[in-house]
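Structural overview for review
One letter stands for each residue in the lines below.
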Amino acid sequence: MTDDAIRFVLDGEVREVRGTDPNATLLDYLRESLHRTGTKEGCAEGDCGACTVVLAELDGDRPRFRAINACIKLLPTLDGKELYTVESLRSPDGELHPAQRAMVECHGSQCGFCTPGFVMSLFALHRSEAAPARERIHDVLAGNLCRCTGYRPIVAAAERMYDDPAGGNGYWLHRPYANGDGSPSAGEKALVERLESLRRTETLALTGPAVEGGTRRYFAPASLDDLAALVQEHPKAYLLAGGTDVGLWVTKAHQDLDSIIYLGAVPELQRVRVTDTHIEVGAGVTITDCQDVIGEHFADFGELFRRFASPPIRNAATLVGNIANGSPIGDSMPALISLGATLRLRAGAETRELALDDFYLAYRKTALAEGEFVESVRIPITPGDRHFRTYKISKRFDQDISAVCGAFSIELDGGVAHNVRICFGGMAAIPQRATGCEAALEGKEWSEATLPDALAALERDYTPIDDMRASAGYRRMVAHNLLRKFYLETSGFEGETRVIGGRN
Ligand SMILES: Cc1cc2nc3c(=O)[nH]c(=O)nc-3n(C[C@H](O)[C@H](O)[C@H](O)COP(=O)(O)OP(=O)(O)OC[C@H]3O[C@@H](n4cnc5c(N)ncnc54)[C@H](O)[C@@H]3O)c2cc1C
Ligand code: FES
Ligand code: FES
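Computed from a predicted structure; not experimentally measured.

Once that is clear, we can look at the nonpolar core. Ranked by internal contacts, the top residues of the largest apolar core, which has 81 residues, are L26, I294, F301 and L319. Top element by residues in this core is helix α7 (residues 224-233). It accounts for five residues. Once residues within four sequence positions are removed from consideration, F301 is found in contact with I294, S332, A335, L336, L339, F388 and T390. L122, A124, V155 and M161 belong to the second-largest nonpolar core, a separate cluster that totals 31 residues.

See below:
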């Protein structure tokens, strides 16, 4: 274990930061220590995108560029990465980056508060993709809010920036850091070398400032075994994955996280494995990195991920973090439970398998024992005659939390329903299966005649709450409508099936 400074790259140079407070955010560090005030603070909770910066990391032997929210990123997690802020885009002769120039030319900025965040999301896009379609641009900008300009000129700027990718003086020529034939450019090779020089093989251990009851500690183990040992040694430590829930405990709840164990530097947890029978997603895999592979097998699940938060949040948030956080309105769990997902849990050298159904015990209480953590989630790849749908109902299409999220899975054999699994989020204190409704459908003909009993059973399955997102009556009505929608979509109905309160 090394008591050490964190090391990252900024504008091509390796920086070391000693005495880092494990609870400090990247945004505060940028603005207060480096005086890089181009990165703004709007909401401090990952919603508005004013604080967007870009990180480069190694993905195999090539770099990848991702926009993230600096306001909820804890500073020590920057270790090993290359950081770009809006100030990084200035070329030596002062020439603007193509994204900035296009924003000017398309009148994409008024008061300017949101502008650096938009520019950084566009910079990440410019670095990663050539000629994205308009719908893709809309998706990429879903995490950046503008109160005055309106989005049309900004989307026009996103298209315009590709007209002159070299950026006038050619400074930004290599997009994405590759030569025209896709091979790594000299710039990319230099970046890869810098990132490799920062790679750790031992746990990073930081000691922060003294606080009431001790000192803040931060550990970033570099192997699964070291992680398992640390979690046993510090069973009360906060486990930190993408930090898109945990970050808010610091910025909004002003909680003191005295000991933190970071999962993001453990290579074994960064893997997605697809076999003939299942998809296994490691606890360090972000939503961005698993949404396509899951979407290939379950199209509706892929569409749900498209509506999960925003790209900068999905670039940080892990699927397992969503599961472990245990929010009753978390989006992935109804789908995972209806597909029969299981968790691999680890405590020290021991592992055990647990059905996700059995993981949630009560409101935000899970079956994890002290010193135990989730290593991965396994999603069975279902047979061809299985029908699966999941529907997220929220007030806004992008970047909104569900009022209700429903997931349905059945196998149809000669028009008869088998292996019915229905799960809802937002209807109870935990993501919960509709066991009565499932029983009313199991072994029955998949027909209009079966629905009344199933709907009556669904009514008895849940006692939803009234809260700011939706009334109990609304939730109940939505659940009914979703079952009807699922039935219509899987029984040959060819009309449109829209649900009040959603764009599904
Ligand atoms: C602006 C914004 C929008 C959001 N929108 C959505 C949305 O649309 N849908 C949705 O469902 N959620 C949403 N969220 C919530 C959040 O992004 C997700 O819950 C996310 O998946 C959490 O993952 P993480 O890796 O960031 O977890 P973290 O914040 O790092 O951790 C979350 C919790 O899980 C625990 N944990 C993490 N990994 C493990 C592990 N391997 N073993 C045991 N415990 C672990 C942590 O200790 C913590 O208690 C949003 C959050 C923000 C800030
Ligand atoms: S300040 Fe609003 S997302 Fe970070
Ligand atoms: S230009 Fe004012 S918030 Fe976007």
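Here the narrative resumes, following the displayed structure.
Glancing now at the domain arrangement of the protein chain. As far as domains go, the protein chain holds domain 1 (7-200), domain 2 (204-262), domain 3 (271-380) and domain 4 (386-489). Using only C-alpha atoms to locate each centre, domain 2 and domain 4 end up separated by 38 Å.

With respect to spatial proximity, 34 residues lie near ligand 1, and among them L239, A241, T244, D245 and T318 are the closest. The separation between an oxygen atom of ligand 1 and a polar main-chain atom of V246 is 2.8 Å. Within the complex, the protein chains bury 92% of what would otherwise be the 990 Å² of accessible surface of ligand 1. Of all the secondary structure elements, the ones that give two or more residues to the shell around ligand 1 are β9 (238-240), α8 (246-251), α12 (319-325) and β17 (372-380). In terms of residue class, the shell around ligand 1 is made up of 18 nonpolar, 10 polar and six charged.

This part is about the pairing of strand β13 (residues 342-347). The sheet contact formed by β13 and strand β14 (residues 350-355) spans six bridges and is antiparallel. Each bridged residue has a counterpart across the sheet, and for R344 the counterpart in β14 is E353. If you look at the hairpin formed by β13 and β14, you'll find two residues sitting between the two strands, and G348 has a positive phi there, around 60°. Two strands pair when backbone bridges link them, and β13 and β17 are joined in this way by six bridges, in the antiparallel orientation. Paired with R344 across the strands is S376, a residue of β17.

Now for the packing of aromatic side chains. For the coordinates displayed, the defined rule picks out 17 aromatic pairs. Taking the centre distance of 5.9 Å and the plane angle of 55° together, the rings of F65 and Y84 count as tilted. Here the residue F65 occupies a position in strand β5 (residues 62-69), and Y84 occupies one in strand β6 (residues 82-84), the gap between them amounting to 19 residues. Each member of the pair, F65 as well as Y84, is classed as buried. Plain terms: the ring middles of F408 and F486 are 5.0 Å apart, the flat faces sit at 20° to each other, and that makes the pair stacked. Taken together, the residues F408 in strand β19 (residues 404-413) and F486 in helix α16 (residues 472-489) connect sequence positions 78 residues apart. Note on F408: relative accessible area 1%, which makes it buried. What links up through ring pairs into an aromatic cluster is the set Y391, F408, F424, W446, Y462, F486 and Y487. Just above the ring of F65 sits the side chain of R127; from NZ or CZ to the centre is 5.6 Å.

Calculation notes
- Residues numbered from 1 in each chain as written.
- Chains lettered and ligands numbered in written order.
- Predicted model: local features only at pLDDT ≥ 70, side-chain atom pairs only at ≥ 80, totals over all residues.
- Heavy atoms only, no water.
- Core = buried A, V, L, I, M, F, W, Y, C linked by side-chain atoms within 4.5 Å.
- Buried < 20%, exposed > 50% of the residue type's maximum accessible area, 1.4 Å probe, protein only.
- Helix = DSSP H or I, 4+ residues; strand = E, 2+ residues; numbered from the N terminus.
- Contact = heavy atoms within 4.5 Å.
- Domains from an automatic or database assignment.
- Near = heavy atom within 4 Å.
- Polar contact = N/O pair within 3.5 Å; in protein donor to acceptor, adjacent residues only side chain to side chain.
- Areas by Shrake-Rupley, 256 points an atom, 1.4 Å probe, with all protein chains shown as cover.
- Nonpolar A, V, L, I, M, F, W, Y, C, P; charged D, E, K, R; others polar.
- Pairing = 2+ DSSP bridges.
- Phe/Tyr/Trp six-rings, centres within 6.5 Å; stacked < 30°, edge-to-face > 60°.
- Lys NZ or Arg CZ within 6 Å of the ring centre and 35° of its normal.

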